[in-house]
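# Structural description and commentary
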Amino acid sequence: MTRTRKTGQQRKLVNFQYEGREYVLDLVRNQVYQNWTAVETTRGVTILGAYRQTALATN
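This one's a predicted model, so the numbers in the text were calculated from it and none came from an experiment.

## Details of the packing of aromatic side chains
Given two aromatic rings, their pairing is described by the distance between the two centres and the angle made by the two planes. Under the defined criterion, the tally for this structure stands at 3 aromatic pairs. Aromatic pair Phe 16 and Tyr 51: ring centres 5.4 Å apart, planes at 85 degrees, arrangement edge-to-face. Separated by 35 residues along the polypeptide, Phe 16 in strand E1 (residues 13-18) and Tyr 51 in helix H1 (residues 41-58) bring together distant segments of the chain. Of the two residues examined, Phe 16 and Tyr 51, each falls in the buried class.

Next comes the structure, spelled out in structure tokens:
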């Protein structure tokens, strides 16, 4: 029997285009998905950084 923990945090999903590809970013869990498959950690960090730079520039 396995148990799951509820974190109490809801996902905040954002669509983001990076280098001509579409990604879905989970900003609460810091995860990046392409076609609902998790992206490699190193690439995900790069994509999240690019999103945050874009978000800061537009504010």
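## Quick look at the side chain of Asp 26
Within the secondary structure, Asp 26 sits in strand E2 (residues 21-26). Residue Asp 26 is classed as buried on the basis of its relative accessible area, which comes to 0%. Within the structure, Asp 26 has its side chain in polar contact with the backbone nitrogen of Val 28 (distance 3.2 Å). Setting aside chain neighbours within four positions, we find Asp 26 in contact with Arg 11, Lys 12, Leu 13, Gln 31 and Tyr 33.

## What about the sheet that holds E2?
Taken in spatial order, the 4 strands make up an open sheet running E1-E2-E3-E4, and their pairing is antiparallel. Sheet topology places E1 and strand E4 (37-38) at the edges, where each strand pairs with a single neighbour. Across 3 bridges, the pairing between E2 and strand E3 (residues 31-34) is antiparallel. Its bridge partner lying in E3, Leu 25 is registered against Val 32. Across the sheet, H1 is in contact with E1, E2 and E3; its angle to E1 comes to roughly 95 degrees.

Calculation notes
- Residues numbered from 1 in each chain as written.
- Predicted model: local features only at pLDDT ≥ 70, side-chain atom pairs only at ≥ 80, totals over all residues.
- Heavy atoms only, no water.
- Phe/Tyr/Trp six-rings, centres within 6.5 Å; stacked < 30°, edge-to-face > 60°.
- Helix = DSSP H or I, 4+ residues; strand = E, 2+ residues; numbered from the N terminus.
- Buried < 20%, exposed > 50% of the residue type's maximum accessible area, 1.4 Å probe, protein only.
- Polar contact = N/O pair within 3.5 Å; in protein donor to acceptor, adjacent residues only side chain to side chain.
- Contact = heavy atoms within 4.5 Å.
- Pairing = 2+ DSSP bridges.
- Axes fitted to C-alpha atoms, helices over the stretch in contact; angles between N-to-C directions.

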